[in-house]
Amino acid sequence: MISINFKNISEFNQAQNLPEPENPLFSIGCKTFNADEIENCVSSNKEISYTNQFYIISLKNIVSGEIIYGRTKYDCSTGTLLFSAPNQTYAVKDIVISSEAWFIAFHEDFIRGLDIQKRIKKYNFFNYNVNEALHLSPKEEQTIKSVLRNIEAEYQNNQDEFSKEIILNHLEALLKYSDRFYKRQFLNRK
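Residues numbered from 1 in each chain as written. Predicted model: local features only at pLDDT ≥ 70, side-chain atom pairs only at ≥ 80, totals over all residues. Heavy atoms only, no water.

## Topic: the overall build of the protein chain
Turning to step 1, where the next piece is worked out: Within the protein chain one finds six helices and eight strands.
Turning to step 2, where the next piece is worked out: Ordered by position from N to C terminus, the α and β elements of the protein chain give β-α-β-α-β-β-β-β-β-α-α-β-α-α.
Turning to step 3, where the next piece is worked out: Across the 190 residues that make up the protein chain, the buried fraction comes to 46%.
Turning to step 4, where the next piece is worked out: Long-range pairs, those at least 24 residues apart, make up 79% of the contacts in the protein chain between residues at least 6 apart in sequence.
Turning to step 5, where the next piece is worked out: Carbon and sulfur atoms provide 48% of the accessible area of the protein chain, an area that totals close to 10000 Å². (Helix = DSSP H or I, 4+ residues; strand = E, 2+ residues; numbered from the N terminus. Buried < 20%, exposed > 50% of the residue type's maximum accessible area, 1.4 Å probe, protein only. Contact = heavy atoms within 4.5 Å. Areas by Shrake-Rupley, 256 points an atom, 1.4 Å probe, with all protein chains shown as cover.)

## Focus: the environment of Asn23
Turning to step 1, where the next piece is worked out: Take Asn23: it is sitting in the loop between helix H1 (9-15) and strand E2 (26-32).
Turning to step 2, where the next piece is worked out: A sequence separation of 13 residues divides Asn23 from Ser10, and the C-alpha atoms of the two residues are 9.4 Å apart.
Turning to step 3, where the next piece is worked out: When residues no more than four places from it in sequence are discounted, the contact partners of Asn23 are Phe110 and Tyr155.
Turning to step 4, where the next piece is worked out: Here Leu25 takes part through its backbone nitrogen, which lies 2.8 Å from a polar atom of the side chain of Asn23. (Polar contact = N/O pair within 3.5 Å; in protein donor to acceptor, adjacent residues only side chain to side chain.)

## What about the packing of aromatic side chains?
Turning to step 1, where the next piece is worked out: What the rule picks out here adds up to 16 aromatic pairs.
Turning to step 2, where the next piece is worked out: Connected via pairs of aromatic rings, a cluster forms that spans Tyr55, Phe83, Phe106, Tyr123, Phe125, Phe126 and Tyr182.
Turning to step 3, where the next piece is worked out: Stacked on the ring of Phe110, the Lys or Arg Lys164 has its end atom at 4.7 Å from the ring centre. (Phe/Tyr/Trp six-rings, centres within 6.5 Å; stacked < 30°, edge-to-face > 60°. Lys NZ or Arg CZ within 6 Å of the ring centre and 35° of its normal.)

## What about the nonpolar core?
Turning to step 1, where the next piece is worked out: Ranked by internal contacts, the top residues of the largest apolar core, which has 32 residues, are Phe26, Ile57, Ile104, Phe106, Phe126, Leu171 and Leu175.
Turning to step 2, where the next piece is worked out: Only E2, strand E4 (55-69), strand E6 (80-84), strand E7 (89-106), helix H3 (108-111), helix H4 (115-120), helix H5 (138-156) and helix H6 (163-189) provide two or more residues apiece to this core.
Turning to step 3, where the next piece is worked out: Looking at this core, the element that brings in the most residues is H6, giving seven residues.
Turning to step 4, where the next piece is worked out: Residues in contact with Ile57, not counting those within four places in the same chain, are Leu81, Leu82, Phe83, Trp102, Phe103, Ile104, Phe106, Phe126, Leu171, Leu174 and Leu175.
Turning to step 5, where the next piece is worked out: One finds Tyr90, Val92, Ile97 and Ala133 within the second-largest nonpolar core, a separate group that totals 19 residues. (Core = buried A, V, L, I, M, F, W, Y, C linked by side-chain atoms within 4.5 Å.)

## Quick notes on the pattern of salt bridges
Side-chain pairs of opposite charge can arise whenever the charged atoms involved come near each other.
Turning to step 1, where the next piece is worked out: Counted by the stated rule, this structure contains eight salt bridges.
Turning to step 2, where the next piece is worked out: For Glu108, the salt bridge is made with Lys121, and the minimal N-O distance between the two is 3.0 Å. Taken together, the residues Glu108 in helix H3 and Lys121 in the loop between H4 and strand E8 (134-135) connect sequence positions 13 residues apart.
Turning to step 3, where the next piece is worked out: Taking relative accessible area as the criterion, Glu108 reaches 16% and is therefore assigned buried. (Salt bridge = Lys/Arg side-chain N within 4 Å of Asp/Glu carboxyl O.)

## Some details on the environment of Ile166
Turning to step 1, where the next piece is worked out: Take Ile166: it is sitting in helix H6.
Turning to step 2, where the next piece is worked out: Considering only alpha carbons, one finds Ile166 and Ile151, 15 residues apart in sequence, at a separation of 8.0 Å.

## Notes on H5
Turning to step 1, where the next piece is worked out: With 19 residues, H5 should reach 27 Å at 1.5 Å per residue; the first-to-last C-alpha distance of 26 Å fits that figure.
Turning to step 2, where the next piece is worked out: When we look at burial in H5, the residues that qualify are Glu140, Glu141, Ile144, Lys145, Val147, Leu148, Ile151, Glu154 and Tyr155. (Expected span 1.5 Å × (residues − 1).)

## Quick look at the pairing of E7
Turning to step 1, where the next piece is worked out: Taken across its 18 residues, E7 has 13 buried, putting it largely inside the fold.
Turning to step 2, where the next piece is worked out: Pairing between E2 and E7: seven bridges, direction antiparallel. Within the sheet, the bridge partner assigned to Cys30 lies in E7 and is Trp102. (Pairing = 2+ DSSP bridges.)

Written as structure tokens, this is what we have:
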């Protein structure tokens, strides 16, 4: 098994072929895959283990393969929203992603001392005890992508004294929608 530890968001962005982050503590990006990239996106038969020193939220359309989060195999399929907290390990094997993938990466220092820092620990989807990804309905996926586009627009805007607060408000909305959609998912499973 190959192990990769992302110490900072710059390393993560570089591995995802995303531009250098505008802010060393926060980054958002969307990567659109063409047919050749999709074919080359498979992680071969090797299992690759990842650990990061920051939060990651990603929206991916996973066609096949497996993700192991903690010690549990993650249930994932198309329209998948994945969450990882600092110092958590996840492994991928034979992952094939289609179309586009969104990534948000933010360091705990970006939210330090703010209400969101306390609230984020209450979201179960950042914990190992949740062993399934959030499977979005097409309508839910559009809602999440709309919030992601709003965050990206503010992130790409000329930074001013309001930028961080606006980004955090959108991030908080993303987390609340995710919580709502997770609860719907588990209700539907019952």
